[in-house]
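What follows is each chain in one-letter form.
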Amino acid sequence: MLTEGLRAEVARLKAERDAAVLAHYYVPPEVQELADHVGDSFALARLAATLPCRTLVFAGVRFMAESAKLLSPDKTVLMPDPAADCPMAHMVRHETVVAARARYGDDLAVACYVNSTAEAKSWSDVCVTSSNAVRIVRALPQKNVLFIPDRHLGSYVARQVGEKNVLLNDGCCPIHQAISADEVRALKEAFPEAPVLAHPECGPEVMALADVAGSTSQIIEAAVAGTARDYIVLTVDGVRGELERRCAGTDKRFHFPATRPACPDMDRITAERLVACLREGTGEVGLPPVEVADGARAALTRMLELGAR
Ligand code: 13P
Ligand code: SF4
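Please read these numbers as outputs of a predicted model, since none were measured by experiment.

Asker: Which parts of the structure should I look at to understand the nonpolar core?
Answerer: Within soluble globular proteins, side chains that are nonpolar tend to cluster in buried spots. Grouped together as the largest cluster of nonpolar side chains are 101 residues, with contacts concentrated most on Leu56, Phe147, Leu234 and Met303. Sorting elements by how many residues they give to this core places helix α15 (residues 290-307) first, with seven residues. The residues contacting Leu56, other than those within four sequence positions of it, are Ala20, Leu22, Ala48, Leu51, Ala68, Lys75, Thr76, Val77 and Leu78. Of all hydrophobic cores here, the second largest spans eleven residues; its members include Leu108, Val110, Trp123 and Leu167.

Asker: Before we go on, may I ask you to explain the sheet that holds strand β12 (residues 253-255) in this structure?
Answerer: Strand pairing within a sheet occurs via backbone hydrogen bonds; the two strands may be parallel or antiparallel. Judged by pairing direction, the sheet is parallel, and its four strands sit side by side in the order β10-β9-β11-β12 without closing on themselves. Here the strands that pair on one side only, and so sit at the sheet edges, are β10 (212-213) and β12. Across the sheet, helix α10 (residues 181-190) is in contact with β9 (196-198), β11 (230-234) and β12; its angle to β11 comes to roughly 175°. Strands β9, β10, β11 and β12 of the sheet are contacted by helix α12 (residues 216-225), whose axis makes an angle of about 160° with β9.

Asker: Sorry, what's going on with the side chain of His255 here?
Answerer: When you line up the elements, His255 lands in strand β12. His255 sits in the buried class, given a relative accessible area of 14%. Polar contacts involving the side chain of His255 include one to the side chain of Asp230, which spans 2.7 Å. Discounting chain neighbours no more than four positions away, the residues touching His255 are Leu187, Phe191, Asp230, Tyr231, Ile232 and Val233.

Asker: For this particular structure, what's the right way to read empty space enclosed by the protein?
Answerer: In this approach the atoms are scanned with a rolling probe the size of a water molecule, which exposes any empty space left behind. Taken as a whole and judged by the stated rule, the model has two cavities of 30 Å³ or more. In this structure, the largest cavity spans a volume of roughly 220 Å³. Counting residues per element, the ones that place at least two in the lining of the largest cavity are α4 (62-71) and α9 (174-177). Considered class by class, the residues forming the lining of the largest cavity number 13 nonpolar, eight polar and two charged. Looking at the second largest cavity, its volume works out to about 60 Å³. Residue assignment for the lining of the second largest cavity shows that the elements contributing at least two residues are α3 (41-50) and α4.

About the cut-offs
- Throughout, a residue's number is its position along its own chain's written sequence, starting from 1.
- Whichever chain is written first is A, and whichever ligand is written first is 1; the rest continue in order.
- Confidence filtering applies because this is a predicted model: local features only for residues at pLDDT of at least 70, side-chain atom pairs given and counted only at 80 or more, and all residues used for totals across whole chains, interfaces and linings.
- Hydrogens are left out, water is left out, and the side-chain values use all remaining heavy atoms of the structure.
- Here the nonpolar core consists of buried residues drawn from Ala, Val, Leu, Ile, Met, Phe, Trp, Tyr and Cys, with membership extended through side-chain atoms lying within 4.5 Å.
- Each residue gets one of three labels from its accessible area relative to the maximum for its type: buried under 20%, exposed over 50%, partly exposed in between, using a 1.4 Å probe on protein chains only.
- Secondary structure elements are defined from DSSP: runs of H or I of at least 4 residues count as helices, runs of E of at least 2 residues count as strands, and each element is numbered from the N terminus.
- Contact between two residues is taken to exist if any of their heavy atoms lie within 4.5 Å; hydrogens are not considered.
- When DSSP locates at least two bridges between a pair of strands, those strands are taken to pair.
- Every angle, taken between N-to-C directions, lies between 0 and 180 degrees, and every axis is a line fitted to C-alpha atoms, over only the stretch in contact when it is a helix.
- As used in this structure description, the phrase polar contact means that two N or O atoms lie within 3.5 Å; if the pair is within protein, one of them must be able to donate a hydrogen and the other to accept it, and residues adjacent in sequence are counted only when both atoms belong to side chains.
- Buriedness of a pocket was judged along seven lines, with at least five required to meet protein on both sides within 12 Å; pockets are open sets of points on a 1 Å grid over the protein atoms alone, cavities are sets where a 1.4 Å probe fits but cannot get out, and lining residues have an atom within 4 Å of a point.
- Grid points are joined across faces, edges and corners, and a volume is the space filled by probe spheres set on the points.
- When residues are sorted by character, Ala, Val, Leu, Ile, Met, Phe, Trp, Tyr, Cys and Pro go into the nonpolar class, Asp, Glu, Lys and Arg into the charged class, and all the rest, Gly among them, into the polar class.

Okay, structure coming up:
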């Protein structure tokens, strides 16, 4: 529970540092409340590239803060807990990319989900997020597309873009992967009229049961725009706050898997750590070596150019 004193301290520290706090929908609700902007990965990357402030405090995991620094290298980028790191970001090896390039030559593009290290981005032609992956892969001139690191988002894209030969890499999000088709079927039995809104990091058996597939923002927008009363929501429980806020005054109800998907890395971003980071200026995110930074920035910039929703 946030006190008025804490809110006032955050406002004062933000003004002192000329800082904006960007928060992902998965961080704890009280951190979302203290943020200037809350969004999905794509919206936050776009904001990071354009906000006029001197300091960005990234309430999210490392790849998000790293992307902000790459897109705004002159800004100071701080993380409330630098140990918050998405495990999937590390699930791709350079040899996989080298082997695919050797096999397909110029007729291969490497599409890299933003949930990845700066190194992986630098091996790639373009970045994508869950909100724009289908559109960007479809727009690529090459026939063959190596999708890294997420095999589930990659296979979802492959099913949507049948004209491409999408090559998959063996990475995934352990949290979305753990959502089982059996528990989704049980939810559908309990709420037969409820649309199933799923993040495409879920496995193919789960995605086959989905009515809407999309990023966290797209899931929220679908529920806000929907006419149903009940919704089955297949992503991290952190989106619940925004769903309930946006749907306040309606009788809409949101049903998550009984296991309540939570991301332990996003949960590291507590209000106390956010305040300490603003107060002390700790958790600064630096730039990677210049050849990595240049390659990663080029892939991110291409996404921003192609990905406008
Ligand atoms: P979004 O692209 O929906 O923000 O998702 C990011 C993420 O980490 C999903 O697990
Ligand atoms: Fe990474 Fe999954 Fe957490 Fe998203 S929910 S940050 S993909 S571990």
